[in-house]
Amino acid sequence: MTTILLAIVTGAAFGAVLDRIGASNPGFIGKMLNLTNLDLAKSILLAIGTGSVLMFGGQMAGLVDVGHMSVKAAYAGVFIGGLMLGAGWALAGYCPGTGVVAAASGRKDALFFIAGGLLGAAAYMATYPAWKASGLLDNFAGGKVTLGAVPGAKYEGLMALPGDLLGIILGLGFIALAFALPQRLVPQKAELQPAE
């Protein structure tokens, strides 16, 4: 019961932060994706970088048990699914998490997004045997691997570098990128001046 309560509290807090930074607003997401307002992208990079530094630093200090770390297998379907998710995110202005946050904050369009996602999941389940037979779900590159080997984890690393150190370096890189990015990459269109 404690685990469920902790999950609810953590999820609600995360949802509140997503709503606060604008991640539940499809217009704000559209501005990020067309590179005219990168504030949300900077927030995402900062969160990923901070989480990476804390997780792998905690693992090195013995505070985090990497036995709980879950690594998804590499297969073609993951990459195709990622492209589909990105296209859907760009079209709808929501990803699965932000869609739920938007619905909780009262956006009615998010309810249609959630219904579409559930319908897509049901269609995938109904056609799973065909996808399995196609070979798109077969592992490649060793299946469940990490970039670097993490001590105590059951996954092999693709590189000889220690995975925890690599995680901290990549996390610091994401943090630096979050601070280095300008607010926009696409120049603002010049406003038309009224004729005198």
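Described below are features of the structure shown in this document. Values in this document were obtained by computation on a predicted structure and should not be read as measured data.

## With respect to the nonpolar core
Moving on, step 1. Core analysis: the biggest nonpolar cluster contains eleven residues, these being Leu 18, Ala 23, Ile 29, Met 32, Leu 38, Leu 40, Ala 41, Leu 45, Val 101, Ala 178 and Leu 181.
Moving on, step 2. Elements with a minimum of two residues in this core: helix 2 (26–33) and helix 3 (39–60).
Moving on, step 3. A total of three residues in this core trace back to one element, the largest contributor, which is helix 3.
Moving on, step 4. Other than its neighbours up to four places away in sequence, Leu 18 contacts Ala 23, Ser 24, Thr 98 and Val 101.
Moving on, step 5. Phe 56, Val 150, Tyr 155 and Ile 168 belong to the second largest nonpolar core, which has seven residues in total.

## As for the packing of aromatic side chains
Moving on, step 1. Per the stated rule, a full pass over the model turns up two aromatic pairs.
Moving on, step 2. With a centroid separation of 5.4 Å and 50° between ring planes, the pair formed by Tyr 94 and Phe 113 is classed as tilted. Of the two residues, Tyr 94 sits in the loop between helix 4 (76–92) and helix 5 (96–104) while Phe 113 sits in helix 6 (residues 108–134), which places them 19 residues apart along the sequence.
Moving on, step 3. Given the relative accessible area of 22%, Phe 113 is considered partly exposed.

## Details of the environment of Phe 28
Moving on, step 1. Note that Phe 28 resides in helix 2.
Moving on, step 2. Excluding its chain neighbours within four sequence positions, the residues that come into contact with Phe 28 are Ile 21, Gly 22, Asn 37, Asp 39 and Leu 40.

## Looking at the pattern of salt bridges
Moving on, step 1. Inspection of every chain in the model, using the stated rule, returns one salt bridge.
Moving on, step 2. Note that Arg 107 and Asp 109 form a salt bridge whose closest N and O atoms lie 3.4 Å from each other.

## A look at the packing of helix 3 against helix 7 (residues 163–180)
Moving on, step 1. Taken N-terminus to C-terminus, the directions of helix 3 and helix 7 make an angle of 155°; their axes are 7 Å apart at the nearest point. With respect to their mutual orientation, helix 3 and helix 7 come out roughly antiparallel. Crossing hand, helix 3 versus helix 7: left-handed. Contact residues: helix 3 offers Lys 42, Leu 45, Leu 46, Ile 48, Gly 49, Thr 50, Ser 52, Val 53, Phe 56, Gly 57, Gln 59 and Met 60, while helix 7 offers Gly 163, Asp 164, Leu 165, Gly 167, Ile 168, Gly 171, Leu 172, Phe 174, Ile 175, Leu 177, Ala 178 and Phe 179.
Moving on, step 2. Among the residues making up the contact of helix 3 with helix 7, the classes are represented as 14 nonpolar, eight polar and two charged.

## Topic: a nonpolar patch on the surface
Moving on, step 1. On the surface, Ile 44, Ile 48, Leu 147, Leu 158, Met 159, Leu 161, Leu 170 and Phe 174 cluster together into a nonpolar patch covering about 680 Å² of accessible area.
Moving on, step 2. Among the secondary structure elements, those contributing two or more residues to the nonpolar patch are helix 3, strand 2 (156–162) and helix 7.
Moving on, step 3. A total of three residues in the nonpolar patch trace back to one element, the largest contributor, which is strand 2.
Moving on, step 4. Judged by its relative accessible area of 39%, Met 159 is partly exposed.

## Details of the side chain of Asp 164
Moving on, step 1. Relative to the assigned elements, Asp 164 resides in helix 7.
Moving on, step 2. For Asp 164, a relative accessible area of 7% corresponds to the buried category.
Moving on, step 3. Among residues more than four places away in sequence, those in contact with Asp 164 are Phe 56, Gln 59, Met 60, Ala 149, Val 150 and Pro 151.

## Regarding the packing of helix 2 against helix 4
Moving on, step 1. Put simply, helix 2 and helix 4 touch, their axes get as near as 8 Å, and they point 120° apart. The orientation of helix 2 relative to helix 4 falls into the category oblique. Across from Pro 26, Ile 29, Met 32 and Leu 33 in helix 2, the residues of helix 4 making contact are Trp 89, Ala 90 and Ala 92.
Moving on, step 2. Its residues placed into classes, the contact of helix 2 with helix 4 shows seven nonpolar, no polar and no charged.

How each quantity is defined
- Residues numbered from 1 in each chain as written.
- Predicted model: local features only at pLDDT ≥ 70, side-chain atom pairs only at ≥ 80, totals over all residues.
- Heavy atoms only, no water.
- Core = buried A, V, L, I, M, F, W, Y, C linked by side-chain atoms within 4.5 Å.
- Buried < 20%, exposed > 50% of the residue type's maximum accessible area, 1.4 Å probe, protein only.
- Helix = DSSP H or I, 4+ residues; strand = E, 2+ residues; numbered from the N terminus.
- Contact = heavy atoms within 4.5 Å.
- Phe/Tyr/Trp six-rings, centres within 6.5 Å; stacked < 30°, edge-to-face > 60°.
- Salt bridge = Lys/Arg side-chain N within 4 Å of Asp/Glu carboxyl O.
- Axes fitted to C-alpha atoms, helices over the stretch in contact; angles between N-to-C directions.
- Parallel < 35°, antiparallel > 145°, perpendicular 65-115°, else oblique.
- Left-handed = near helix turned anticlockwise from the far one by under 90°.
- Nonpolar A, V, L, I, M, F, W, Y, C, P; charged D, E, K, R; others polar.
- Patch = residues over 30% accessible without salt bridge, like charges linked within 9 Å, V, L, I, M, F, W, Y side chains within 5 Å.
- Areas by Shrake-Rupley, 256 points an atom, 1.4 Å probe, with all protein chains shown as cover.

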